[in-house]
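A look at the structure
So the chains spell out like this:
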Amino acid sequence: MGKAIVISGTPGVGKTLVATRLASRLGLSYLNLSDLVVRESLYVGVDEVRGSLIIDEERLVSRLTELLSGSESDVIVDSHYGEVIPDEFVKTVFVLRLNPAVLYERLASRGWGKEKVRENVEAEILGICTYNALNEHPETKVCEVDVTNKEVDEVVEEIVNVLNNVKECEVWVDWLSNEALKDFITELLNTS
Ligand SMILES: Nc1ncnc2c1ncn2[C@@H]1O[C@H](COP(=O)(O)OP(=O)(O)OP(=O)(O)O)[C@@H](O)[C@H]1O
Ligand SMILES: [Mg+2]
């Protein structure tokens, strides 16, 4: 069985807060893929438009293979592109989902440009991280957690309950069908 417990989700949903707290709660090591990419120069260039690094997927995967096959215990992996980890090394992927209207405010308050905020909020509305995870892993390994209005410890508790088979692992979040978000989504899509 795979060693990686992946905490995925759109930028800003709370992955790092949740993943670090989960790692200390379970006494497991914590691995942030973006930090690893920077630390070991596992990128091929810079996306000037997005202001982000273009990862060298081949080298990242071989490094992850090395790290995960050499690990005695499970590893909490924090990344919004956790789908790069080969399925055989993955135990479970938790995709944190956050109400897009809340995410919008959170990303705007980071001082990000309108386009960057919009692109990421749209990714959350569509559930891109869930989509990517389901493309690489069986549905039994992909679990969504709605973190909206929850304390970090509450989210950690939910994840622990799924890992202990106390709570069911499900893919269920659908912002597009949420009546309360209709006006927000319509306005977002009309202000390109
Ligand atoms: N459960 C929560 N309740 C309230 N605020 C939260 C919660 N989780 C995260 N936040 C807020 O959101 C911010 C972003 O959290 P965090 O850095 O963990 O997100 P992230 O998903 O790791 O982002 P990135 O993808 O950019 O690394 C935090 O600084 C905190 O202010
Ligand atoms: Mg983070």
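Refer to the preceding data block for the structure.
Since this is a predicted model, take the numbers as computed values, not measurements. Once a new chain begins, its residue numbering starts again from 1 and follows that chain's sequence as written. Each chain takes a letter, starting from A, and each ligand takes a number, starting from 1, following the order in which they are written. Side-chain atom pairs in this predicted model are given and counted only at pLDDT of 80 or more, local residue features only at pLDDT of at least 70, and totals for whole chains, interfaces and linings cover all residues. Water and hydrogen atoms were dropped before computing side-chain values, which therefore reflect all heavy atoms in the structure.

Topic: unusual backbone geometry
Inclusion rule: Partly exposed residues are those whose accessible area sits between 20% and 50% of the maximum for their type, while under 20% is buried and over 50% is exposed, using a 1.4 Å probe and protein chains only. Counting from the N terminus, the helices are DSSP H or I runs at least four residues long and the strands are E runs at least two residues long.
Despite not being glycine, Asn149 has its phi angle at roughly 60°, a positive value. Assessed through its relative accessible area of 77%, Asn149 is described here as exposed. Here the phi dihedral of Asn165 falls at roughly 60°; this positive angle occurs in a residue that is not glycine. Relative to the elements of secondary structure, Asn165 occurs in the loop between helix H7 (152–163) and helix H8 (182–190).

A look at the sheet that holds strand E2 (residues 29–32)
Heads up, the rule is: One bridge is not enough; two strands pair if DSSP finds at least two bridges between them. Between the N-to-C directions of two axes lies an angle of 0 to 180 degrees, each axis being a line fitted to C-alpha atoms and, for a helix, fitted only over the stretch in contact.
Here five strands make up an open sheet; going across it, the order is E2-E5-E1-E6-E7 and the pairing parallel. Two strands close off the open sheet at either side, each with one partner strand: E2 and strand E7 (142–146). Sheet twist, expressed as the average angle between the axes of neighbouring strands with direction ignored, equals 25°. Across four bridges, E2 lies against strand E5 (residues 75–78) in parallel orientation. The partner of Ser29 across the bridge, within E5, is Val75.

Remarks on the site of ligand 1
Quick note on the threshold: Consider each residue's heavy atoms; a residue with any of them within 4 Å of a molecule or strand counts as near. Think of a polar contact as two N or O atoms within 3.5 Å of one another; within protein, one of them needs to be a possible hydrogen donor and the other a possible acceptor, and neighboring residues in sequence only count if both atoms come from side chains. Accessible areas in this description were obtained via Shrake-Rupley with a 1.4 Å probe; residue shielding takes into account the shown protein chains only. Gly is placed with the polar residues, together with every amino acid not listed as nonpolar (Ala, Val, Leu, Ile, Met, Phe, Trp, Tyr, Cys and Pro) or charged (Asp, Glu, Lys and Arg).
Around ligand 1 sit Pro11, Gly12, Val13, Gly14, Lys15, Thr16, Leu17, Arg106, Arg110, Lys150 and Val152, and that is every residue in its neighbourhood. A distance of 3.0 Å separates an oxygen atom of ligand 1 from a polar backbone atom of Gly14. In this structure, Leu17 approaches ligand 1 through a main-chain N or O atom, which is 2.9 Å from an oxygen atom. Out of a free accessible area of 640 Å², ligand 1 has 64% covered by protein chains. Examining the composition of the shell around ligand 1, we find that three residues originate from one element, helix H1 (residues 15–26), more than from any other. Residue classes in the shell around ligand 1 are distributed as four nonpolar, three polar and four charged.

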